[in-house]
Each structure stands twice: as structure tokens, then as C-alpha cells.
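Each chain, written out:
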Amino acid sequence: MTQHSAAAAPADGVGARQSLYLPDHVGFLIRRAQQVHLAVWAEEAGQGLSNVQFGVLNVLHRTGGASQRELCDTLDLDRSTVAGLVSRLEARGLVERARADADRRRNLVRLTEAGGAELRRLVPHAAQVDASLTAGLSEEERATLRRLLTRVLDAHGHHASDPTPR
């Protein structure tokens, strides 16, 4: 990582100190990439559903239904975030909650017909967002980027893998 010294003592009177050159700082780049992703998502998919809400619909489609705990684990989100997402999606008629057939104590979240239609509408937009974000990369570079980001997440216990089959 490149470090640059402050040329003059900062105004806080502490004296010269080291600072980070932000474009060399991975956390800064990840945050900026997330900002770009959100902007491209809004432009491509519109303001209707967030990329995280799309993730919920996608998981529910791939699994046939999931508990809120399973959504937490799959999307790496906390319980209160998932509860809010499910409530908002339910209010829009895109998901429904029902008792699991196998275990009546367990609630499942499932896509409604409207949720399935919204997912089908958004899938090509999500693919275009991905293509737009990686437009300057070769296919090999895209694969390397996905592999490296997955390794960063895995190294910190935040697995990026989708437990559902392709």
C-alpha cells in the first residue's frame, strides 16, 4: 500500500502523520464500487426494487421458499434487515408468509405470482448491471474479480456462495 506523508502539520496541531492514498486502499475501492453498483442498478432496473430486494426474490425462486433465518444466512444479512425486507415485499404482494408443510411451527416466505413476474422482469436488468459494471474487463478478468472478491469474503467468514444449485 502506498503511504504519503503530510507535507505540513495538520491544523489539529498533532504534527506530521502518515495518511493513506485512498485509491490504493481496498476498502475505499470496494465502497466506491458499491456506490457505482447502486447507481447503475437504479439507472438500469429503476427505483421499483432495490438490488437487495431482488436478491430476496431470487433466493426464494431458487429455493422454492425459505425461512427468514435461511434468507439471513444466504444473503448475509441480519434478522432485522431481512424482517424489514420481507415486510415491504409482502406489502407489495411480491411474497407471502405461510407455515411450512413439514413443520407447522416454521414459517416460510414464498414468492407470489406477482413476485415471480417481477423477478422475471428484473433478471435481464440485473444481468445488464453486471455486464455494465465489468464492461472494461475481459471474461478472464471478470472470473478473476469474482474469485478474488469471493476469497476476501470467505477469509472473513462471509461466504459468497449460493447454496442452491445452478
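Residues numbered from 1 in each chain as written. Predicted model: local features only at pLDDT ≥ 70, side-chain atom pairs only at ≥ 80, totals over all residues. Heavy atoms only, no water.

Going by the annotation in an unreviewed UniProt entry, the name recorded for the chain is MarR family winged helix-turn-helix transcriptional regulator, with Promicromonospora alba given as the source organism.

Trainee: What's the story with a nonpolar patch on the surface in this structure? I'm lost.
Mentor: A surface patch of nonpolar side chains, about 320 Å² in accessible area, is lined by Val26, Ile30, Leu145 and Leu149. Mapped by element, the contributors of at least two residues to the nonpolar patch are helix H1 (26–45) and helix H6 (139–155). In this fold, Leu145 is placed in helix H6. Accessibility expressed as a relative area gives 36% for Leu145, which makes it partly exposed. (Patch = residues over 30% accessible without salt bridge, like charges linked within 9 Å, V, L, I, M, F, W, Y side chains within 5 Å. Areas by Shrake-Rupley, 256 points an atom, 1.4 Å probe, with all protein chains shown as cover. Salt bridge = Lys/Arg side-chain N within 4 Å of Asp/Glu carboxyl O. Helix = DSSP H or I, 4+ residues; strand = E, 2+ residues; numbered from the N terminus. Buried < 20%, exposed > 50% of the residue type's maximum accessible area, 1.4 Å probe, protein only.)

Trainee: Can you help me understand helix H2 (residues 51–63) in this one?
Mentor: An α-helix turns once every 3.6 residues. As a result, residues three or four positions apart point the same way. Compared with the 18 Å implied by 1.5 Å per residue over 13 residues, the 18 Å span of H2 between its first and last C-alpha is a close match. For H2, the complete set of buried residues consists of Asn51, Gln53, Phe54, Gly55, Val56, Leu57, Val59 and Leu60. On its buried face, H2 is in contact with H1, helix H3 (68–75), helix H4 (79–91), strand S3 (95–99), strand S4 (107–111) and helix H5 (113–133). Downstream of H2 by one or two residues, Gly64 has phi in the positive range, about 80 degrees. (Expected span 1.5 Å × (residues − 1). Contact = heavy atoms within 4.5 Å.)

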